[in-house]
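Each chain is listed here by its residues.
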Amino acid sequence: MGNYIINVTDMQEVVGAPLEDVSASGRVRPWRWKKVANEVLAMAYDTVDADKAARLRDCGSYLAFNIHPDGSKELAAMVSCRVRLCPICAWRRSLKVYAHTMAILDYMAKQRQYSYVMLTLTVENCAGDKLSNTLDNIFAAWGRMSRRVEFTRAVRGWYRGLEVTHNVDPHSKAYDTYHPHLHCLIAVNPSYYTSRNYVSQARWTQLWQESLRVDYTPVVDIRRVKGTTAAAIAEVSKYAAKEGDYIIPDDWDLTVDTVATLDAALAHRRLVAYGMDMLNAKRALALDDEETGDLVHVDNQPDTAEVGHVVTYYWYTGYRQYYTSDMI
């Protein structure tokens, strides 16, 4: 399985153009490699869940783009499998979370002034068979902490998203353990740092430990957001699990075991949530659900540009690339 080697099929001679999708900032969008990882994941799901394996293979099998007169592309249609671990869907969902959070903060800025802090809440690494229970405790602890008087006095709004990393370094003492943690963006009053409602890093750590109800001191990182919030939003809108944490090219058995573990532990959970003023802003903006909503139009912006024509690209497994449909 090294380097995501996949059985070669669909080896027709392609005469259509390969997909080139570049963002306005000049970044190449990673359709190709997300689909490659998607296919490897589908192979793992052949053992874990055949229905999800079939959905994964269909996901991103074609991409239809509106082509504007300036040559820029805008995704118009695709098939989404919505399997939690799918690299394509996870990437698109992350873009959606980023766009939603930007829109929420822009809306809030028009109502009143806020400052922001980034808060990362961790627990000790756990074995795979303990992951689900650990996630239960993390979400319960967040609920308990967010109801504390100190929290409600200091915080005006919040976002929290779950990330689970997996130690795949065979030389590490923590090899094959999981590290779930919460990335949070907290809205506070501009006077927060000089007010009686200020919560120090040490106190955040104590609040989190008490909420977790553990006998160890968890690592809690808190940082003031300075300047633009874009970088902070990008940091907190990470994928729940990245493909490098569950696709282990040199150990296929561990890959399958990891996929089964994460699939079971993440099932039926709300991994992304907003609260207080951020939730009120989301409702005012009528934003759809980040987990179940549209993964095509992820920027939440209506397109007003003129559409020149539509081009559809199809995935060819053997070439590991998207091409237009002109074939010999």
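See above for the structure.
These numbers come from a predicted model, not from an experiment.

Undergrad: Help me understand the side chain of Arg269 in this model?
TA: For Arg269, the position within the fold is in the loop between helix 9 (252-266) and strand 7 (272-276). Of the residues examined, Arg269 reaches a relative accessible area of 14% and is grouped as buried. Beyond its immediate chain neighbours, meaning those up to four positions away, Arg269 contacts Arg84, Ser132, Leu135, Asp136, Phe139 and Glu291.

Undergrad: Looking at this structure, how should I read the environment of Ala273?
TA: Along the chain, Ala273 falls in strand 7. Along the sequence, Ala273 and Cys184 sit 89 residues apart, while their C-alpha atoms lie 9.7 Å from each other. Residues in contact with Ala273, not counting those within four places in the same chain, are Trp158, Tyr159 and Arg160.

Undergrad: How do you make sense of the sheet that holds strand 2 (residues 73-78) when you look at a structure like this?
TA: Paired through backbone hydrogen bonds, the strands of a sheet run either parallel or antiparallel to each other. Read from one edge of the open sheet, 4 strands run 2-1-8-9, paired in antiparallel fashion. Two strands close off the open sheet at either side, each with one partner strand: strand 2 and strand 9 (321-324). Direction aside, neighbouring strands of the sheet carry axes that sit 35 degrees apart on average. Examined bridge by bridge, strand 1 (residues 62-67) and strand 8 (residues 309-316) share 6 bridges and lie antiparallel to one another. Across the sheet, Tyr62 pairs through a bridge with Tyr314, a residue of strand 8.

Undergrad: Just checking my understanding: could you explain empty space enclosed by the protein for this structure?
TA: To find the voids left in a structure, one rolls a probe of water-molecule size over its atoms. With the rule as written, the count across this model stands at 1 cavity of 30 Å³ or more. In this structure, the largest cavity spans a volume of roughly 180 Å³. Elements with a contribution of two residues or more to the lining of the largest cavity: helix 3 (87-111) and strand 4 (155-166). At 4 residues, the largest contribution of residues to the lining of the largest cavity is made by helix 3.

Undergrad: Even after reading the chapter, I still don't get the sheet that holds strand 3 (residues 115-122), so can you show me in this structure?
TA: Read across the open sheet, the 5 strands follow the order 6-3-5-4-7; overall the sheet is antiparallel. Of all the strands in the sheet, just strand 6 (220-224) and strand 7 have a single pairing partner and so form its edges. Strand-to-strand twist in this sheet, taken as the mean axis angle between neighbours without regard to direction, amounts to 15 degrees. One ladder, built from 8 bridges, connects strand 3 with strand 5 (residues 178-188); its direction is antiparallel. In the sheet register, Leu119 faces strand 5, and the bridge partner there is Cys184. Each of strand 3, strand 4, strand 5 and strand 6 is contacted by helix 6 (residues 201-212), which is oriented at about 140 degrees to strand 6, the strand it contacts most.

Undergrad: Which parts of the structure should I look at to understand the packing of helix 4 (residues 131-146) against helix 9?
TA: Helix-helix packing is characterised by the crossing angle of the two axes and by the distance between the axes. In the contact formed by helix 4 and helix 9, the axes pass within 9 Å of each other and the chain directions differ by 35 degrees. Relative to helix 9, helix 4 is oriented so that their crossing is right-handed. Judged by residue contacts, Leu131, Ser132 and Leu135 of helix 4 engage Thr261, Leu262, Ala265 and Leu266 from helix 9. Across the contact of helix 4 with helix 9, the residue classes tally to 5 nonpolar, 2 polar and no charged.

Undergrad: Would you take a moment to explain the pattern of salt bridges for this structure?
TA: Pairing between side chains becomes possible if they bear opposite charge and their charged atoms approach one another. Counted according to the given criterion, the structure contains 15 salt bridges. Arg57 is paired through a salt bridge with Asp46; the nearest N and O atoms lie 2.8 Å apart. Residue Arg57 is located in helix 2 (residues 50-58), and its partner Asp46 is located in helix 1 (residues 31-48); the two are separated by 11 residues in the primary sequence. For Arg57, a relative accessible area of 40% corresponds to the partly exposed category.

Undergrad: Explain the packing of helix 1 against helix 3 to me, please; I cannot follow it from the model alone.
TA: Two elements in contact, helix 1 and helix 3, have axes separated by 7 Å at closest approach and are oriented at 135 degrees. As judged from the angle between their axes, helix 1 and helix 3 are oblique. Only Pro87, Ile88, Trp91 and Arg92 of helix 3 make contact with helix 1, whose side of the interface consists of Trp31, Lys34, Lys35, Ala37, Asn38 and Leu41. Among the residues making up the contact of helix 1 with helix 3, the classes are represented as 6 nonpolar, 1 polar and 3 charged.

Undergrad: Is there a simple way to explain unusual backbone geometry in this structure?
TA: Glycine aside, residues mostly have negative phi angles, and peptide bonds mostly take the trans form. Phi at Arg82 is positive, roughly 65 degrees, even though this residue is not glycine. Within the secondary structure, Arg82 sits in the loop between strand 2 and helix 3. Even without being a glycine, Arg320 presents a positive backbone phi close to 50 degrees. By the element assignment, Arg320 lies in the loop between strand 8 and strand 9.

Procedures and definitions
- Residues numbered from 1 in each chain as written.
- Predicted model: local features only at pLDDT ≥ 70, side-chain atom pairs only at ≥ 80, totals over all residues.
- Heavy atoms only, no water.
- Helix = DSSP H or I, 4+ residues; strand = E, 2+ residues; numbered from the N terminus.
- Buried < 20%, exposed > 50% of the residue type's maximum accessible area, 1.4 Å probe, protein only.
- Contact = heavy atoms within 4.5 Å.
- Pairing = 2+ DSSP bridges.
- Axes fitted to C-alpha atoms, helices over the stretch in contact; angles between N-to-C directions.
- 1 Å grid on protein atoms, 1.4 Å probe; cavity = no way out; pocket = protein on both sides within 12 Å on 5 of 7 lines; lining within 4 Å.
- Points joined across faces, edges and corners; volume = space filled by probe spheres on them.
- Left-handed = near helix turned anticlockwise from the far one by under 90°.
- Nonpolar A, V, L, I, M, F, W, Y, C, P; charged D, E, K, R; others polar.
- Salt bridge = Lys/Arg side-chain N within 4 Å of Asp/Glu carboxyl O.
- Parallel < 35°, antiparallel > 145°, perpendicular 65-115°, else oblique.

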